[in-house]
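Here's the letter readout for the chains.
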Amino acid sequence: PAIMRVEKIGEGTKKHLPIWAVKISDNPYIDEKEPAVLFNGVHHAKELMSAEVCLYLIEYLCENYYRKREVRHWVDEAEIWIIPVLNPDGYYLVMDSKNSPKFWRKNLRDNNGNGIFEPERDGVDLNRNYDYNWGEDSDGDPRSWHYRGPYPFSERETQAMRDLTLREKFVFNLDFHSYGE
């Protein structure tokens, strides 16, 4: 607790599950104007290991702060932010039951507004919902795995990332991705 705090930075688009960010710093409740870095996982719901990598990073930094000089240096000289699961609704869908679509990629946006989750029609690929190069390497068809959404930052998840980034002014971001079972 001396070097870490947890902050709810937003929520999922459909189920409104919280998006948690962890700040690790020698003074986690103070903005020290140190360089801020960000690590995040689970833009894509099926990329479960990316959350595990983020959780391991949290554990490693906290457990080794008093043991390893280089870890103490990192924590003392930077503000380290970690978002293990940016897509909590999609992550929940993949993890929830035997009948869920295990290779679900997107969030749970109800694209046609009918109130029913339809995997063949719903969801936005959060990784393609940012404003930088919006429309490139993506698809405007909601049925596509690469559907970018109706407009940049249309999703609560990417809005949470945008707002945290604007507030903290990260100098570095590592976005973990994984693939497979």
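To be clear, the structure that these remarks concern was listed above.
No experiment lies behind these values; they were computed from the predicted model shown. (Residues numbered from 1 in each chain as written. Predicted model: local features only at pLDDT ≥ 70, side-chain atom pairs only at ≥ 80, totals over all residues. Heavy atoms only, no water.)

(A) Local environment of the packing of aromatic side chains. This model, assessed by the stated rule, comprises 7 aromatic pairs. Here Phe39 and Phe176 contribute two aromatic rings whose centre-to-centre distance is 6.4 Å and whose plane-to-plane angle is 15°, an arrangement assigned as stacked. With Phe39 in strand E3 (residues 36–40) and Phe176 in the segment after strand E5 (172–175), this pair connects stretches of sequence that are 137 residues apart. Judged by relative accessible area, which is 16%, Phe39 ranks as buried. On the numbers, 5.7 Å between centres and 85° between planes, the contact of Tyr130 with Phe153 is edge-to-face. Taken together, the positions of Tyr130 in the loop between helix H3 (88–96) and helix H4 (156–168) and Phe153 in the loop between H3 and H4 put the pair 23 residues apart, joining distant regions of the chain. Looking at Tyr130, the relative accessible area reads 19%, which means it is buried. Note on Phe153: relative accessible area 12%, which makes it buried. (Phe/Tyr/Trp six-rings, centres within 6.5 Å; stacked < 30°, edge-to-face > 60°. Helix = DSSP H or I, 4+ residues; strand = E, 2+ residues; numbered from the N terminus. Buried < 20%, exposed > 50% of the residue type's maximum accessible area, 1.4 Å probe, protein only.)

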